[in-house]
Amino acid sequence: QVQLVESGGGLVQPGGSLRLSCAASGIRYSISRMGWYRQAPRKQRELVATITSGGTTDYADFVKGRFAISRDRAKNTVNLQMNSLKPEDTAVYYCNVVTWGPDYWGQGTQVTVSS
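Just so it is clear, the structure is predicted and the values come from calculations on it, not from any experiment.

Enquirer: Account for the overall build of the protein, with residues named and values stated.
Expert: Counting secondary structure elements, the protein contains zero helices and eleven strands. Starting at the N terminus, the α and β elements of the protein follow one another as β-β-β-β-β-β-β-β-β-β-β. Here the protein has a C-alpha radius of gyration of 14 Å; the compact-globule value for 115 residues is 13 Å, and the two agree. Its C-alpha atoms put the protein at 45 × 25 × 25 Å along the principal axes. The buried share of the protein, taken over its 115 residues, is 39%. Counted over contacts in the protein with a minimum sequence separation of 6, partners at least 24 positions apart contribute 53%. Split by element, the accessible area of the protein, about 6,300 Å² in all, is 46% carbon and sulfur.

Enquirer: Residue-level account of the pattern of salt bridges, with values.
Expert: Summed over all chains, the structure comprises four salt bridges. The residue Lys-64 makes a salt bridge to Asp-61 at a minimum N-O spacing of 3.2 Å. Overlapping salt bridges bring together Arg-38, Glu-46, Arg-66 and Asp-89 as one network.

Enquirer: Now, about the packing of aromatic side chains: what can you tell me, with residues and values included?
Expert: Any pair of aromatic rings gets described here by the distance separating the centres and the angle formed by the planes. Applying the stated criterion across every chain yields a total of one aromatic pair. Aromatic pair Tyr-37 and Trp-105: ring centres 5.1 Å apart, planes at 65°, arrangement edge-to-face. Taken together, the residues Tyr-37 in strand β4 (residues 31-39) and Trp-105 in strand β10 (residues 104-105) connect sequence positions 68 residues apart. Look at Tyr-37 and you get buried, because its relative accessible area is 15%. The class for Trp-105 is partly exposed, based on a relative accessible area of 41%.

Enquirer: With reference to specific residues and values, describe the sheet that holds strand β7 (residues 67-72).
Expert: Ordered by their spatial adjacency, four strands build an open sheet running β1-β3-β8-β7, and the pairing between neighbours is antiparallel. Sheet topology places β1 (3-7) and β7 at the edges, where each strand pairs with a single neighbour. In this sheet, neighbouring strand axes are inclined to one another by 15° on average, regardless of whether the strands run parallel or antiparallel. Relative to strand β3 (residues 18-25), β1 runs antiparallel, the two being bridged by five bridges. Counted as the bridge partner of Val-5 is Ala-23 from β3.

Enquirer: An account of unusual backbone geometry is requested, with residue identities and associated values reported.
Expert: Most peptide bonds take the trans configuration, and most residues that are not glycine carry a negative phi. Notably, Arg-42 is not glycine yet its phi reads approximately 65°, a positive angle. One can find Arg-42 in the loop between β4 and β5 (46-52).

About the criteria used
Residues numbered from 1 in each chain as written. Predicted model: local features only at pLDDT ≥ 70, side-chain atom pairs only at ≥ 80, totals over all residues. Heavy atoms only, no water. Helix = DSSP H or I, 4+ residues; strand = E, 2+ residues; numbered from the N terminus. Rg over C-alpha atoms; globule rule 2.2 N^0.38 Å. Buried < 20%, exposed > 50% of the residue type's maximum accessible area, 1.4 Å probe, protein only. Contact = heavy atoms within 4.5 Å. Areas by Shrake-Rupley, 256 points an atom, 1.4 Å probe, with all protein chains shown as cover. Salt bridge = Lys/Arg side-chain N within 4 Å of Asp/Glu carboxyl O. Phe/Tyr/Trp six-rings, centres within 6.5 Å; stacked < 30°, edge-to-face > 60°. Pairing = 2+ DSSP bridges. Axes fitted to C-alpha atoms, helices over the stretch in contact; angles between N-to-C directions.

So, in structure tokens, the structure goes:
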């Protein structure tokens, strides 16, 4: 069956870094876009970054210059390198995969930025 395996979340101090990964398997349709969303307490889920099958990236304003999204075609994986983390980045981060068929969401991984 379809699996989106997320990893890399955890607790870091302000200014620290984390690298999130999401490995997709079992998807039968062509993937058009992969990305990351996040949801903080008392807030709506919001886009963090996406990358299309052609390599075009899109970033939310609040992460530009700090985060970088990339993909590994061979491993069907999307990564999010997060640098200069702030307490405001604390949230559950969700992997998202858009295909020509169904779309998929990961179960979420917690990122906590605190001193």
